[in-house]
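Coordinate inspection notes
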Amino acid sequence: MSKPLVSIVMGSANDWDVMKQAAQQLKDFGVSYDARVISAHRSPDLLFDYIKDVSAQGVSCFIAGAGGAAHLAGVIAGKTTLPVLGVPMPSKHLQGLDSLLSIVQMPKGIPVATFAIGDAGAANAGLFAVAMLAINDAGLAQRLQAFRKKQAEAVKATTLPDL
Ligand code: RP5
């Protein structure tokens, strides 16, 4: 793939099943991305180096997926002024409520845009990144309009079964 416009980072390979929904949206819209596993607590040095490297390559934003204490998005946001989109992973014991509250409760001054728990949040983070990039890309904006139109048409064409 060409130089990434979006960076997708997740704390564990176990997050990929969810985070691939973000990657899929970007792929569908032809937006280049870099996706990788880097843990804020298991490999903090690697994370800091990566943020520097990928920022120098010209990414526009980060999508970070993490579960549990879920500090990955906040740590990335602390190291860059690029927008950071946080996706809470569904966790085993608290079903992702822990991840959601951790990511959404960033203290004032270092924002993380927080999405829904799981698949919908990951897909929407991808779509949100597309929307941000579409501000300066007329072709992308047109494809996003077409995507929305298709969704609206699908709703319009929906019928309910007879009783
Ligand atoms: C976080 O801890 C990851 O984002 C993952 O969601 C969670 C559990 O990690 P694993 O034990 O599944 O590798 O770092």
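Everything numeric here is computed off the predicted structure, so don't read it as measured data.

**Some words on helix 6 (residues 138-156)**
Here helix 6 contains 19 residues, and its C-alpha end-to-end distance of 27 Å stays within 8% of the 27 Å for a straight helix at 1.5 Å per residue. Two to three positions downstream of the cap, the backbone nitrogen of G139 sits 3.2 Å from a side-chain oxygen, assigning the N-cap of helix 6 to D137.

**Remarks on the packing of helix 1 (residues 16-28) against helix 5 (residues 119-134)**
The geometry of helix 1 relative to helix 5 is characterised by a closest axis approach of 7 Å and an angle of 30 degrees between their N-to-C directions. Classified by the angle between their axes, helix 1 and helix 5 sit roughly parallel to one another. The crossing of helix 1 and helix 5 is right-handed. Where helix 1 abuts helix 5, its residues D17, V18, M19, Q21, A22, Q25 and L26 lie against D119, A122, A123, G126, L127, A129 and V130. Looking at the contact of helix 1 with helix 5 residue by residue, the class counts come to nine nonpolar, three polar and two charged.

**Structural notes on the site of the ligand**
Around the ligand, the surrounding shell consists of G11, S12, N14, D15, H41, R42, A66, G67 and M89. At 2.7 Å, a side-chain N or O of N14 approaches an oxygen atom of the ligand. Between G67 and the ligand, the recorded distance is 3.1 Å, taken from a backbone N or O atom to an oxygen atom. If the ligand stood free it would expose 360 Å²; the protein chains cover 68% of that surface.

**A few points about the sheet that holds strand 3 (residues 61-66)**
Read from one edge of the open sheet, five strands run 2-1-3-4-5, paired in parallel fashion. Each edge of the sheet is formed by a strand with only one pairing partner; in this case those strands are strand 2 (33-37) and strand 5 (113-114). Packing of helix 3 (residues 72-79) onto the sheet brings it into contact with strand 1 (6-10), strand 3 and strand 4 (84-88), and relative to strand 3 it is tilted by some 155 degrees.

**Observations concerning the pattern of salt bridges**
Applying the stated criterion to the full structure yields two salt bridges. Between D17 and K20 there is a salt bridge, and its shortest N-O distance comes to 3.1 Å. Of this pair, D17 and K20 both sit in helix 1, three residues apart, roughly one helical turn. Where R36 meets D34, a salt bridge forms, and the shortest distance between an N and an O atom there is 2.8 Å. Residue R36 is classed as partly exposed on the basis of its relative accessible area of 37%.

**Regarding the pairing of strand 3**
Along a regular strand, successive side chains alternate from one face of the sheet to the other. Counting buried residues along strand 3, six of its six residues qualify, which places the element largely inside the surrounding structure. Of the strand pairs in this sheet, strand 1 and strand 3 are connected by five bridges, and their pairing is parallel. Of the residues in strand 3, the one forming a bridge with S7 is F62. When strand 3 meets strand 4, the two strands line up parallel, connected through five bridges. Bridge pairing in strand 4 links I63 to L85. In the classification by handedness, the crossover that spans strand 3, the intervening helix 3 and the parallel strand 4 is right-handed.

Here is what the cut-offs are and how they apply
Residues numbered from 1 in each chain as written. Predicted model: local features only at pLDDT ≥ 70, side-chain atom pairs only at ≥ 80, totals over all residues. Heavy atoms only, no water. Helix = DSSP H or I, 4+ residues; strand = E, 2+ residues; numbered from the N terminus. Expected span 1.5 Å × (residues − 1). Polar contact = N/O pair within 3.5 Å; in protein donor to acceptor, adjacent residues only side chain to side chain. Axes fitted to C-alpha atoms, helices over the stretch in contact; angles between N-to-C directions. Parallel < 35°, antiparallel > 145°, perpendicular 65-115°, else oblique. Left-handed = near helix turned anticlockwise from the far one by under 90°. Contact = heavy atoms within 4.5 Å. Nonpolar A, V, L, I, M, F, W, Y, C, P; charged D, E, K, R; others polar. Near = heavy atom within 4 Å. Areas by Shrake-Rupley, 256 points an atom, 1.4 Å probe, with all protein chains shown as cover. Pairing = 2+ DSSP bridges. Salt bridge = Lys/Arg side-chain N within 4 Å of Asp/Glu carboxyl O. Buried < 20%, exposed > 50% of the residue type's maximum accessible area, 1.4 Å probe, protein only. Right-handed = clockwise from strand over helix to strand, strands pointing away.

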